[in-house]
Every structure is written in C-alpha cells, then in structure tokens.
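Structural overview
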Amino acid sequence: GKGRFIMEQAASHPEINYIGIEMYSSVLVRAIEKAEERKAKGQDVSNFRFIRMNAEELGNVFEKGEISKIFLNFSDPWPKDRHAKRRLTSDRFLELYYGLTDAGAGIEFKTDNKDLFDYSIQMAVESKWKLSAYTYDLYSEPEMLEGNVATEYEEKFTAKGNRICKMILTK
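These lines cover the structure that appears in this document, whether it is placed above or below. (Residues numbered from 1 in each chain as written. Predicted model: local features only at pLDDT ≥ 70, side-chain atom pairs only at ≥ 80, totals over all residues. Heavy atoms only, no water.)

Description of the sheet that holds strand β4 (residues 101–111)
Pairing between the strands of a sheet comes from backbone hydrogen bonds, and it takes one of two forms, parallel or antiparallel. This is how the line gets drawn: DSSP calls a pair of strands paired once it identifies at least 2 bridges connecting them. Every helix listed is a DSSP run of H or I at least four residues long, and every strand listed is a run of E at least two residues long, numbered separately from the N terminus. Here, axes are lines fitted to C-alpha atoms. For helices the fit covers the stretch in contact, and angles between N-to-C directions go from 0 to 180 degrees.
Read across the open sheet, the four strands follow the order β3-β4-β6-β5; overall the sheet is mixed. Each end of this open sheet is capped by a strand with a single partner; those strands are β3 (67–73) and β5 (130–135). If you compare each strand with its neighbour and ignore which way they point, the axes differ by 10° on average. Pairing of β3 with β4 involves six bridges; the strand directions are parallel. Counterpart to K69 in the pairing with β4 is G106.

Regarding the pairing of strand β2 (residues 48–52)
The criterion, for reference: Assignment of crossover handedness uses the view with strands pointing away from the viewer, where a clockwise path from the first strand over the helix to the second indicates a right-handed crossover.
Bridge count between strand β1 (residues 18–22) and β2: five bridges; the pairing is parallel. Bridge pairing links G20 to F50 in β2. Taking the sense of rotation as the criterion, the β-α-β connection linking β1, helix α2 (residues 25–40) and β2 turns out right-handed.

As for the nonpolar core
This is how it is decided: In this description, a nonpolar core means a group of buried Ala, Val, Leu, Ile, Met, Phe, Trp, Tyr and Cys residues linked to one another through side-chain atoms lying within 4.5 Å. Three labels apply to residues, based on accessible area from a 1.4 Å probe with only protein chains included: buried if under 20% of the type maximum, exposed if over 50%, partly exposed otherwise in between. Contact between two residues is taken to exist if any of their heavy atoms lie within 4.5 Å; hydrogens are not considered.
Core analysis: the largest hydrophobic core is formed by 24 residues, its most contacted members being L58, L94, Y97, I107, M167 and L169. Contributing elements (two or more residues each) for this core: β3, α4 (91–100), β4, α5 (114–126) and β6 (165–170). Setting aside its immediate chain neighbours within four residues, M167 contacts T89, I107, E108, F109, F117, S120, I121, A124, L131, A133 and Y134. Of all hydrophobic cores here, the second largest spans seven residues; its members include I6, M7, V45 and F48.

Structural data, given as structure tokens:
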C-alpha cells in the first residue's frame, strides 16, 4: 500500500521487523517517499523495508517458517470469477502463507468489499487456518478494533460510510 500502516506498526513495535510488499511501483513510490520524509525528520526507519513483488513469489523470498504475521489490507478484490485465483485470500495463497509462517502465526485481513470478505471467510474455513474472529463492521466491535492501525484506504472508505470487514486467522 501507501506505507502508513507499516510505518505506524513499525514505530509502535520497534522490536519487530516489518516488510511491506506491493506489486505496483506507482503505489510503492509514495510509500518510499513517506519513509524518506520520516527519516529526514529523524524518525527511526530501521525495522521496516519495502519489496516490489507479486505475492505469488513469496516462496522465492522467504523460507518456511520465516514469517510470523501477515497483514492483508484492502487488497484487490478481483471481482470476476475467472480471476478468483488472484485474490490474496484464495485457497492457493492461504496454502502458500501456511507453509511460510511459523507455528502460532496469524493473518489479519481487512476489506470494505463484502463479496470478497464472504469469499475469504469461505476459503479460510476450508483451509488449514483457524478462523479465530471476524466482523462485518470493525468500527462497531471494540475488541476487534483494539490496536487497529487504519490504512489510507480504510479512512477513505469509512468516510464514505462503508463498513470495514476484518478477519483473523491463526495457525
């Protein structure tokens, strides 16, 4: 995404290393600019990095068990059925994440797209992951909202009156 989410997470948890993955250069450029602005202000930017890549290539970059948590924030819904395999919550991606994450790992997924969310819940239930929690209205559920870092898209969609859906998966 545009970088704010990962930078706020990294600032809140300096003991954790974060890697932001974005497929589109145009979006990633803005995230890099924001990181440079933080660095120029003397803010620590040492515990996060950005990678421009397609998520399909995760297995070429990370070893099995190397990832502790995955955040999927407002990913492309790929609404056409023929594109379902491209959705970051499809069965093939959930299987890929399962192999790359360590024991006790988790996935947090947020979207404003109800159809994508319905699909994602179905995929989660059919996967090796445990569906630990979910909501169709994040901002009406204090427990699910606790510790939430809103993305730029999240603020935009919330301002339009869209409900934010969130699910948490655990290994």
